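Listed here are the chains, written in short residue letters.
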Amino acid sequence: MSIRVIVAGASGRMGQEVVKMIGQHDHLILTGGVSRSQKGRDIGEALGLAPLGIDFAGSVQEALAKFDADVLVDFTTPQTVKENMELAIQAGVRPVVGTSGLSEQDLKELEELCRERGIGAIVAPNFAIGAVLMMVFAAQAAKYLPHVEIIESHHDRKLDAPSGTAIKTAELITKNRPEMKQGHPEEEEVLDGARGAYYQGFRIHSVRLPGLVAHQEVLFGGSGQLLTIRHDSLNRESFMPGVKLAIEKVMELDHLVYGLEKILDL
Ligand SMILES: NC(=O)c1ccc[n+]([C@@H]2O[C@H](COP(=O)([O-])OP(=O)(O)OC[C@H]3O[C@@H](n4cnc5c(N)ncnc54)[C@H](OP(=O)(O)O)[C@@H]3O)[C@@H](O)[C@H]2O)c1
């Protein structure tokens with residue numbers, strides 16, 4: 001079965017990879033792309049590829065009106081992702097979303113909208129399959145080693161902190177770890193933020209540096225032992241098998257799924 005796809009944020013770092021990935025699979029057909037900065041230009045030419053004969057739309061609304069599609073892949077910004085998803089769901093187009101920044105409340109509302117429309121959607125804070133395994137293993141380890149800290153490191157163009165992956169990892173950990181305040185009860189921060197963000201008694205730290213892509217360590221400490229679970233995405237291709245799988249799976253869904261682990265056979 002062919003799947004027609006519109007990519008929002010197609011001029012961005014992730015969006016460009018998605019456009020390339022779609023071009024490598026016969027059953028995936030790029031029918032449209034959204035970019036405010038490249039509006040009106042041929043998608044292929046604007047991205048330094050062979051011309052595709054499809055011009056960039058300037059908004060998701062315009063793209064949905066102009067191009068037929070089964071799926072909207074969104075790698076845009078935290079400020080625009082919710083509205084993009086709502087527009088797609090209302091148009092009967094299934095969102096596959098990697099953009100970070102959706103709150104729990106946003107996800108609840110989007111879940112409700114999907115239910116009303118009987119339409120599938122996938123939101124994944126991390127499409128790298130190795131990163132999903134890291135999250136699942138971290139959640140398992142927390143059953144036995146409840147003292148934990150998360151350190152996530154990303155390139156310095158990233159807008160949100162902590163990363164969606166770190167938040168998702170924390171959520172999965174708390175499913176297996178009752179709330180417990182770690183560290184010395186009288187611990188004091190000499191410099192604000194030195195201990196990182198507080199999440200149900202443990203800490204999440206965010207590092208931002210040029211040269212980094214997407215990395216995360218989950219550190220567990222116990223009496224006389226340490227366990228480190230680490231994942232590194234070394235380039236944006238690492239996310240593409242997960243995006244491809246989500247585009248295929250979302251066609252079988254009639255509700256919103258949050259997290260790639262829910263569509264993997266683990
Ligand atoms: N889930 C995952 O596995 C994963 C992996 C990596 C990144 N991410 C997330 O994916 C998102 C995109 O990352 P990126 O590195 O590709 O960012 P990026 O290079 O900045 O690309 C984002 C694109 O979104 C477009 N855009 C910006 N503001 C917009 C708006 N208001 N309306 C519509 N389009 C807008 C921009 O293009 P125009 O200005 O041309 O419109 C830009 O090219 C981020 O939230 C990031 O955290 C997720």
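Please refer to the structure higher up on the page.
Just so you know, these numbers come straight off a predicted model, no measurement behind them.

## Quick word on the packing of helix α1 (residues 13-23) against helix α8 (residues 240-250)
Stage number 1. Remark: α1 packs on α8, axes separated minimally by 10 Å, with the N-to-C direction vectors making an angle of 65°. When the axes of α1 and α8 are compared, the pair comes out roughly perpendicular. The chirality of how α1 crosses α8 is right-handed. Mapping the contact onto sequence places Met14, Glu17, Val18 and Met21 in α1 and Met240, Val243, Lys244 and Ile247 in α8.
Stage number 2. The residue makeup of the contact of α1 with α8, split by class, is 6 nonpolar, no polar and 2 charged.

## Quick notes on the sheet that holds strand β7 (residues 197-199)
In sheet architecture, strand pairing relies on hydrogen bonds along the backbone and comes in two forms, parallel and antiparallel.
Stage number 1. With mixed pairing, 5 strands are arranged side by side in an open sheet as β7-β8-β6-β9-β10. Looking at the sheet topology across the chains shown, the edges are occupied by β7 and β10 (225-233). Direction aside, the axes of adjacent strands within the sheet are offset by 20° on average.
Stage number 2. Looking at chain direction, strand β6 (residues 147-154) and strand β8 (residues 202-208) are connected through 6 bridges and run parallel. Among the inter-strand pairings, serine 153 is bridged to a residue of β8, identified as valine 207.
Stage number 3. Sitting on the sheet, helix α6 (residues 129-142) is in contact with β9 (214-222) and β10, with an inclination near 160° to β10.
Stage number 4. Together, β6, β7, β8 and β9 form the strand contacts of helix α7 (residues 164-176), whose direction differs from that of β6 by roughly 165°.

## Some points on the sheet that holds strand β1 (residues 3-8)
Stage number 1. Taken together, 6 strands build an open sheet; the order of strands is β2-β1-β3-β4-β5-β11 and the sheet is parallel. If you trace the sheet from one side to the other, it starts and ends with β2 (28-34) and β11 (256-258), each paired once. Neighbour to neighbour, the strand axes of the sheet diverge by 20° on average, direction disregarded.
Stage number 2. Alignment of β1 against β2, held across 6 bridges, turns out to be parallel. For valine 5, the partnering residue across the bridge sits in β2 and is leucine 30.

## Points about the site of the ligand
Stage number 1. Among the 21 residues in the neighbourhood of the ligand, the closest are listed as Met14, Ser35, Arg36, Ser37 and Phe127.
Stage number 2. Here glycine 98 contributes a backbone N or O atom positioned 3.1 Å from a nitrogen atom of the ligand.
Stage number 3. Computed on the free molecule, the ligand has an accessible area of 920 Å², of which 80% lies beneath the protein chains in the complex.
Stage number 4. Tallied by class, the residues present in the shell around the ligand amount to 6 nonpolar, 12 polar and 3 charged.

## Let's talk about the packing of α6 against α7
Stage number 1. Contact geometry of α6 with α7 gives a least axis separation of 8 Å together with a crossing angle of 30°. What the angle tells us is that α6 and α7 run roughly parallel. Between α6 and α7 lies a crossing of right-handed hand. Counted together, Met134, Met135, Ala138, Ala139, Gln140 and Ala142 of α6 and Thr165, Lys168, Thr169, Leu172, Ile173 and Asn176 of α7 form the full contact between these two elements.

Reading guide: rules and limits
Residues numbered from 1 in each chain as written. Predicted model: local features only at pLDDT ≥ 70, side-chain atom pairs only at ≥ 80, totals over all residues. Heavy atoms only, no water. Axes fitted to C-alpha atoms, helices over the stretch in contact; angles between N-to-C directions. Helix = DSSP H or I, 4+ residues; strand = E, 2+ residues; numbered from the N terminus. Parallel < 35°, antiparallel > 145°, perpendicular 65-115°, else oblique. Left-handed = near helix turned anticlockwise from the far one by under 90°. Contact = heavy atoms within 4.5 Å. Nonpolar A, V, L, I, M, F, W, Y, C, P; charged D, E, K, R; others polar. Pairing = 2+ DSSP bridges. Near = heavy atom within 4 Å. Polar contact = N/O pair within 3.5 Å; in protein donor to acceptor, adjacent residues only side chain to side chain. Areas by Shrake-Rupley, 256 points an atom, 1.4 Å probe, with all protein chains shown as cover.

By themselves, these figures tell us nothing about what the structure is for.
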